[in-house]
Amino acid sequence: MMTNPTGRITQGQFSFLPDLTDAEITMQVEYGLKKGFAWSIEYTDDPHPRNTYWEMYGMPMFDLTDPAGVLMELNACRKTFPSHYIRLMAFDSTRGVESIAMSMIVNRPANEPGFRLQRQEVEGRTMRYTIQGYGLDRPEGERY
């Protein structure tokens, strides 16, 4: 069984590690650019594990070759959405399809309330389980 003692959202690479510094993020972006990956930035205030469709910030950066450009866009996104989850995603198009090769959370709200497990008894004493974030108790835009 895998445990998460910190209670942090763990999606993408490096999610069990402490937050990456801008220098460490730059090194990861540079690695992706050398591999020919295109970067994009996404944000959300609902980081549910099944919520794979986050809002995209700007357009994917297919033509960038310098990690400073990605970091500039990331800092603009952080300024616009300071209390949201923000992730960087690298797309690999070498096989003719856009598939995600790298993904990492690079911004988090100060308080991560976590999730609750809801149990529902249905026909035949069967139990169904649902995960719901505590942040969803508040309306969108006021969650964190």
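Further up the page is the structure itself.
Since the model is a prediction, treat every value here as computed from it, not as a measurement.

Peer 1: Outline the overall build of the protein, supporting the account with residue identities and numerical values.
Peer 2: Broken down by element type, the protein carries two helices and six strands. When the helices and strands of the protein are read in sequence order from the N terminus, they spell out α-β-β-α-β-β-β-β. Expressed as a percentage of the 144 residues in the protein, the buried residues total 38%. Sequence separation of at least 24 residues holds for 52% of the intrachain contacts in the protein that already meet a minimum separation of 6. Here the protein displays about 9,300 Å² of accessible surface, and carbon together with sulfur accounts for 52% of that area.

Peer 1: Explain the sheet that holds strand β4 (residues 99-107) to me, and be specific about the residues and the numbers.
Peer 2: Spatial ordering of the open sheet is given by β2-β1-β3-β4, a layout of four strands whose pairing is antiparallel. This sheet does not close on itself; its edge strands, each paired only once, are β2 (55-61) and β4. This sheet shows a mean twist of 20° between the axes of neighbouring strands, independent of strand direction. Here seven bridges tie strand β1 (residues 38-44) to strand β3 (residues 85-92), and the two strands are oriented antiparallel to one another. Looking across to β3, one finds that W39 is bridged to A90. Across the sheet, helix α1 (residues 22-34) is in contact with β1, β3 and β4; its angle to β4 comes to roughly 170°. Together, β1, β2, β3 and β4 form the strand contacts of helix α2 (residues 67-80), whose direction differs from that of β2 by roughly 165°.

Peer 1: How would you summarise the environment of Q118 if you had to cite specific residues and measurements?
Peer 2: Note that Q118 resides in strand β5 (residues 115-122). In this structure the C-alpha to C-alpha distance between Q118 and T130, which are 12 residues apart in sequence, comes to 5.1 Å. Residues contacting Q118, with those up to four places away along its chain left out, are R128, Y129, T130 and Q132.

Peer 1: How would you explain the pairing of β1 if you had to name every residue and give the values?
Peer 2: Burial within β1 is extensive, with seven of its seven residues counted as buried. Burial along β1 is two-sided: A38, S40, E42 and T44 facing one way and W39, I41 and Y43 facing the other are all buried.

Peer 1: How would you explain the packing of aromatic side chains if you had to name every residue and give the values?
Peer 2: Considering all chains together, one arrives at two aromatic pairs under this definition. A ring pair is formed by Y43 and F81, whose centres lie 3.8 Å apart and whose planes are at 15°; its orientation type is stacked. Here F81 lies in the loop between α2 and β3 and Y43 lies in strand β1, a separation of 38 residues in the sequence. Take Y43 and F81: they sit in the same class, and that class is buried. On the accessibility criterion, F81 (18% relative accessible area) is buried. Three or more aromatic residues link up through ring pairs in this structure, and these residues are Y43, Y57 and F81. Taking NZ or CZ as reference, R87 lies 4.0 Å from the ring centre of W54, over its face.

Peer 1: Residue-level account of α2, with values.
Peer 2: Relative to the 20 Å expected for 14 residues at 1.5 Å per residue, α2 spans 20 Å between its end C-alpha atoms, a close match to the ideal helical length. Among the residues making up α2, those that are buried are P67, G69, V70, L71, L74, C77 and R78. Contacts from the buried residues of α2 go to α1, β1, β2, β3 and β4.

Criteria and thresholds
- Residues numbered from 1 in each chain as written.
- Predicted model: local features only at pLDDT ≥ 70, side-chain atom pairs only at ≥ 80, totals over all residues.
- Heavy atoms only, no water.
- Helix = DSSP H or I, 4+ residues; strand = E, 2+ residues; numbered from the N terminus.
- Buried < 20%, exposed > 50% of the residue type's maximum accessible area, 1.4 Å probe, protein only.
- Contact = heavy atoms within 4.5 Å.
- Areas by Shrake-Rupley, 256 points an atom, 1.4 Å probe, with all protein chains shown as cover.
- Pairing = 2+ DSSP bridges.
- Axes fitted to C-alpha atoms, helices over the stretch in contact; angles between N-to-C directions.
- Phe/Tyr/Trp six-rings, centres within 6.5 Å; stacked < 30°, edge-to-face > 60°.
- Lys NZ or Arg CZ within 6 Å of the ring centre and 35° of its normal.
- Expected span 1.5 Å × (residues − 1).

Any functional reading would require information that these geometric values do not contain.
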